[in-house]
Amino acid sequence: MLSVKDIVTLVKDFPALESLGIAQLQQFLCLARRLLPQVLENNRGLSQNHRPPLSHAMVEFMSDGLKMNASQVMTSWEAFFEVIIAASGSEDFGTIAFHESAFYAFSIAAETLPVELSACRVPTCQNSKLIYKPPINATLLTLHQGIMPIHCPSTYCTYCHTRYYNNYMVTEASNAGSKRRYFGGGIPKYIEVADHVFVDLEFCHWVEIEMAFSQSSAENIARVYALTHSNMLVGSPALSKVTGETVLHAFFLHALLRDHHKRNTSLILPHHGENRARLSPALAKRNLRIAGTGQEMLAHACNLCMKIVDGPDGTKRG
């Protein structure tokens, strides 16, 4: 995020922006960084030497939400474009003061998920260029920002037929036995828990707390979450994504990803089939390991969690 001094320095060359407050301009920068991938996608054929223009819908959306006129929005885009481009590699967009209903009203995605753009990761493949696939519409359930529409692009390797998504890669996806291999290097910021439905990590943590301390069922958690957002999204199909099944899948998939991250291994799941059937073998394998030698403190010496006593027949029992 730019400092106040940096913003003032940039604005002084654009008199039309002098009447705007610092908070407005900071929110503009935050929102513009979120929308940049959509702007670039809409202007894919444009020369890199030209600044891609905002669409009419984006100008209206930002004007309505930021209390700026259309001219100020377009001038801000011109003034801060180089800064927005320079910060495009960061995933820290900051918090936006927009309600989720605004994105749906203007058919604007709140975010475009990043995807692998470099060479193919399959060890036996020598392809150095992946084909970009246009994004599809998806739904993101967040704890603090509500239910957001997002865009999910992908890339494809024509040599080994591997497709790269935000969370995972899959080779020969049309084959019945194809597998999803989740990326290592940390738990994804957003986790795909159903087809075109993602949840953020804060949502997963909230679900775990509700289950552990409130003993709430997945259905009740989904009902509470949906009621929280139903007033602003009346009649929206996005509410249909909030189900007990979605909550359960978020809980179990997040647990598996954490388990593999802790052991520095990659989670591999079937690509096809119902989520319950895809997750069950991995969960069973994890539980079997924990029941055996998988617990960290298994070999520690302690007289508190286990005591050895002499049985009536003289044998020692734990």
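The model shown is predicted, which means the values in this text are computed figures rather than measured ones.

1. Details of the overall build of the protein chain
So, step 1. Within the protein chain, the regular secondary structure consists of nine helices and 11 strands.
So, step 2. Counting all 318 residues of the protein chain, 41% fall into the buried class.
So, step 3. At a minimum sequence separation of 6, the contacts of the protein chain that also span at least 24 residues come to 63%.
So, step 4. Counting every atom, the protein chain has about 17900 Å² of accessible surface; 55% of that belongs to carbon and sulfur.

2. Some words on unusual backbone geometry
So, step 1. Backbone geometry at S107 places phi at a positive 55°, although glycine is not the residue there.
So, step 2. With respect to the element layout, S107 can be found in the loop between α5 (100-105) and β1 (111-112).
So, step 3. Judged by relative accessible area, which is 66%, S107 ranks as exposed.
So, step 4. Phi angles above zero are rare outside glycine, and H161 is one such case at about 60°.
So, step 5. Position of H161 relative to the elements: it lies in the loop between β3 (147-157) and β4 (162-164).
So, step 6. Note on H161: relative accessible area 34%, which makes it partly exposed.

3. Points about empty space enclosed by the protein
So, step 1. Summed over all chains, the structure comprises one cavity of 30 Å³ or more.
So, step 2. Within this model, the largest cavity holds a volume of roughly 40 Å³.
So, step 3. Considering the residues around the largest cavity, the lining is formed by Y182, E192, V193, H249, L253, L269, N275, R278 and L279.
So, step 4. The residue inventory of the lining of the largest cavity, partitioned by class, reads five nonpolar, two polar and two charged.

4. Section: the packing of helix α8 (residues 244-263) against helix α9 (residues 275-291)
So, step 1. As a packed pair, α8 and α9 sit with axes 11 Å apart at the nearest point and diverge in direction by 45°. Our classification of the angle between α8 and α9 gives oblique. Regarding α8 and α9, the two cross each other, and that crossing is left-handed. Here H249, F252, L253, L256, D259 and R263 of α8 come into contact with α9, specifically with N275, R276, L279, A282, L283, R286 and R289.
So, step 2. Looking at the contact of α8 with α9, its residues break down into six nonpolar, two polar and five charged.

5. Considering the pairing of β3
So, step 1. Buried residues dominate β3, accounting for 10 of its 11 residues.
So, step 2. As defined by bridge partners, β1 adjoins β3 across two bridges and the pair is classed as parallel. When the sheet's bridge partners are listed, T112 is paired in β3 with H151.
So, step 3. Summarising the sheet, strand β2 (residues 131-141) and β3 pair through nine bridges and their orientation is antiparallel. Across the sheet, the residue bridging to L141 is I147, located in β3.
So, step 4. Taking the residues between adjacent antiparallel strands as the criterion, β2 and β3 are bridged by five residues, where G146 takes a positive phi near 90°.
So, step 5. Here β3 runs beside β4; their pairing, made up of three bridges, is antiparallel. From the neighbouring strand, Y156 faces β4, where its bridge partner is R163.
So, step 6. Between the end of β3 and the start of β4, which pair antiparallel, lie four residues, with H161 showing a positive phi angle near 60°.

Definitions and cut-offs
Residues numbered from 1 in each chain as written. Predicted model: local features only at pLDDT ≥ 70, side-chain atom pairs only at ≥ 80, totals over all residues. Heavy atoms only, no water. Helix = DSSP H or I, 4+ residues; strand = E, 2+ residues; numbered from the N terminus. Buried < 20%, exposed > 50% of the residue type's maximum accessible area, 1.4 Å probe, protein only. Contact = heavy atoms within 4.5 Å. Areas by Shrake-Rupley, 256 points an atom, 1.4 Å probe, with all protein chains shown as cover. 1 Å grid on protein atoms, 1.4 Å probe; cavity = no way out; pocket = protein on both sides within 12 Å on 5 of 7 lines; lining within 4 Å. Points joined across faces, edges and corners; volume = space filled by probe spheres on them. Nonpolar A, V, L, I, M, F, W, Y, C, P; charged D, E, K, R; others polar. Axes fitted to C-alpha atoms, helices over the stretch in contact; angles between N-to-C directions. Parallel < 35°, antiparallel > 145°, perpendicular 65-115°, else oblique. Left-handed = near helix turned anticlockwise from the far one by under 90°. Pairing = 2+ DSSP bridges.

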